[in-house]
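Given next are the chains, with one letter for each unit.
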Amino acid sequence: MDSYAAPALPIVERLTEAAARAPGDAVAFQGAPGANSHVAVREALPDALPLPCFSFDDALDAVKQGRAARALIPIENSLHGRVADIHFLLPESGLVIIGEHFLPIRHALIGLGPRDAVTSAMSHPQALGQCRHWLKAHGIAPVSYPDTAGAAAVVAELRDPSVAALAPPGAAAIYGLELLATDIADADHNMTRFVTLAREGIPLEGEGPWMTTFIFAVKNVPAALYKAMGGFATNGVNMTKLESYQRGGSFAATEFYADVEGRPGEPGFDRAMAELGFHAKHLRVLGSYRQARRRG
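First, a word on what this report is: a plain description of the structure on this page. All residue numbers here refer to positions counted from 1 along the written sequence of the relevant chain. The model is predicted, so local features are restricted to residues of pLDDT at least 70 and side-chain atom pairs to those at 80 or more, both for listing and for counting; the totals for chains, interfaces and linings are taken over all residues. With hydrogens and water stripped out, all remaining heavy atoms of the structure feed into the side-chain values.

A closer look at the overall build of the protein chain
Strands here mean DSSP runs of E at least two residues long; helices mean DSSP runs of H or I at least four residues long; both are numbered from the N terminus. For the protein chain, the count of helices and strands is ten helices and 15 strands. Our radius of gyration is a C-alpha quantity, and the globule rule it is checked against amounts to 2.2 Å times the number of residues to the power 0.38. Taking 2.2 N^0.38 as the reference for a compact globule, 296 residues should give roughly 19 Å; the C-alpha atoms of the protein chain span a radius of gyration of 21 Å, in line with that estimate. Seen along its three principal axes, the alpha-carbon backbone of the protein chain occupies a region of about 60 × 45 × 35 Å. Throughout this description, buried means an accessible area under 20% of the type-specific maximum (1.4 Å probe, protein chains only), exposed means over 50%, and partly exposed covers the range between. With 296 residues in all, the protein chain has 52% of them scored as buried. For the protein chain, restricting intrachain contacts to residue pairs at least 6 apart in sequence, the fraction spanning at least 24 positions comes to 72%. Note that accessible areas follow from Shrake-Rupley with a 1.4 Å probe, and for residues the cover is restricted to the protein chains shown. Of the roughly 13300 Å² of accessible surface on the protein chain, a fraction of 53% belongs to carbon and sulfur atoms. Here the protein chain holds 26 positive side-chain charges and 31 negative ones, and the gap between their average locations is 5 Å. Pairs of residues are marked as contacts when any of their non-hydrogen atoms sit within 4.5 Å. For the purpose of counting charges, residues Lys and Arg are taken to be positive, whereas Asp and Glu are taken to be negative. His and the chain ends are not included. Charge positions are represented by NZ for Lys, CZ for Arg, CG for Asp and CD for Glu.

So, in structure tokens, the structure goes:
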């Protein structure tokens, strides 16, 4: 908690105390109160008790240690791609994906005013990347900070008109700042996908459509990835995402992160996963859950 700027501390303390009284209702998120992840918790799980955590590791640890029943973590953005390090943190956490949520992102320039006095803007690297053209056009230098609303708290503490923050519009009222500009992302289709994590999976009952997320590595033989993916095509299973990433500092140790439509118990899905398992060095399912929005 001491890592937050002073204006955020009493709010963080109040939310943390409420979550401690009812951890079964608590949902951990990364960032200060007012961050996009906080907004996502209020939208996706309106009856939950939001538990602010300074880092992604802290949010995942809160669930592992029983201080929260779930965590809501951003995994990718439509403008800026996947959230850094999340593909490593998810498997290492041992938690299970039980749901997803899509949040339209609105960025605002927040500060003491006036806007013409602003020469630098603090925010999460994702937010800075999503607004980089707007910032450049207005001669504002980007300054990286671990989260959006936390940057607004720092600006409130600094009381320097030349330093502003990129944050959700609601953060201005929380930290006593002014909205200097709104809707400043470089594209209108700015959307972040969040996943809900828990210690255990949930029963896969009722109507779909369903999504399953997994990671795998293929054997070091010719056409291994082609053969591993063949089962999804022949069994009519739609793969909506396939990303490669490096682990362990070796450019040879390629692993893959994938989302496919379907869930265990569906014949085509089960056959495709069995074929993947045959061609993979290792395969780990991170979770099956109901889609928040249909793909395609």
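So, the pairing of strand β11 (residues 191-198)
With respect to burial, β11 is a largely interior element, seven of its eight residues being buried. Two strands qualify as a pair provided that DSSP identifies no fewer than 2 bridges between them. The sheet contact formed by strand β3 (residues 70-77) and β11 spans seven bridges and is antiparallel. Counted as the bridge partner of Pro74 is Phe194 from β11. The sheet contact formed by strand β5 (residues 96-104) and β11 spans eight bridges and is antiparallel. Directly across from Ile97, in β11, lies its bridge partner Leu197.

Focus on the sheet that holds strand β7 (residues 120-123)
Reading across the sheet, the five strands line up as β8-β7-β9-β6-β10 and stay open at both edges, with mixed pairing between neighbours. Strands with a single pairing partner mark the edges of an open sheet, and in this sheet they are β8 (141-144) and β10 (178-182). With direction set aside, neighbouring strand axes in the sheet form an average angle of 35°. Both strand β6 (residues 108-111) and strand β9 (residues 163-167) contribute to a ladder of three bridges, which runs antiparallel. With axes taken as lines fitted to C-alpha atoms, and helix axes fitted only over the stretch in contact, angles between N-to-C directions fall between 0 and 180 degrees.

Thoughts on the sheet that holds strand β15 (residues 280-290)
The four strands are arranged β13-β14-β12-β15 in an open sheet whose pairing can be described as antiparallel. Each of the sheet's edge strands pairs with one partner strand only, and the pair in question is β13 (239-246) and β15. Averaged over all pairs of adjacent strands, the angle between their axes in this sheet comes to 15°, without regard to strand direction. Strand contacts of helix α4 (residues 86-93): β12 (210-218), β13, β14 (254-261) and β15, with the helix running at about 95° to β13, the strand carrying the most contacts. Sitting on the sheet, helix α10 (residues 267-279) touches β12, β14 and β15, and the angle it makes with β15 is about 150°.

Quick word on the pattern of salt bridges
Salt bridges, as used here, are contacts in which a Lys or Arg side-chain nitrogen is within 4 Å of a carboxyl oxygen on Asp or Glu. Summed over all chains, the structure comprises eight salt bridges. The shortest N-O distance in the salt bridge between Asp61 and Lys64 comes to 3.3 Å. In this pair, Asp61 and Lys64 both sit in helix α3 (residues 56-64), three residues apart, roughly one turn of the helix. Here Lys64 falls in the partly exposed class, since its relative accessible area comes to 41%. The closest approach of N and O atoms between Glu76 and Arg193, which form a salt bridge, is 2.9 Å. Of this pair, Glu76 sits in strand β3 while Arg193 sits in strand β11, and the two are 117 residues apart along the sequence. For Glu76, a relative accessible area of 17% gives the class buried. Each of the salt bridges in this network shares a partner with another, and the network as a whole consists of Glu76, Glu100, Arg193, Lys241, Glu243, Asp259 and Arg295.

Structural notes on the pairing of β14
Burial analysis of β14 places six of its eight residues in the buried class, the great majority of the element. In this sheet, β14 lies alongside β13 in antiparallel orientation, the contact comprising seven bridges. In the strand pairing of β14, Leu242 is matched with Ala258.

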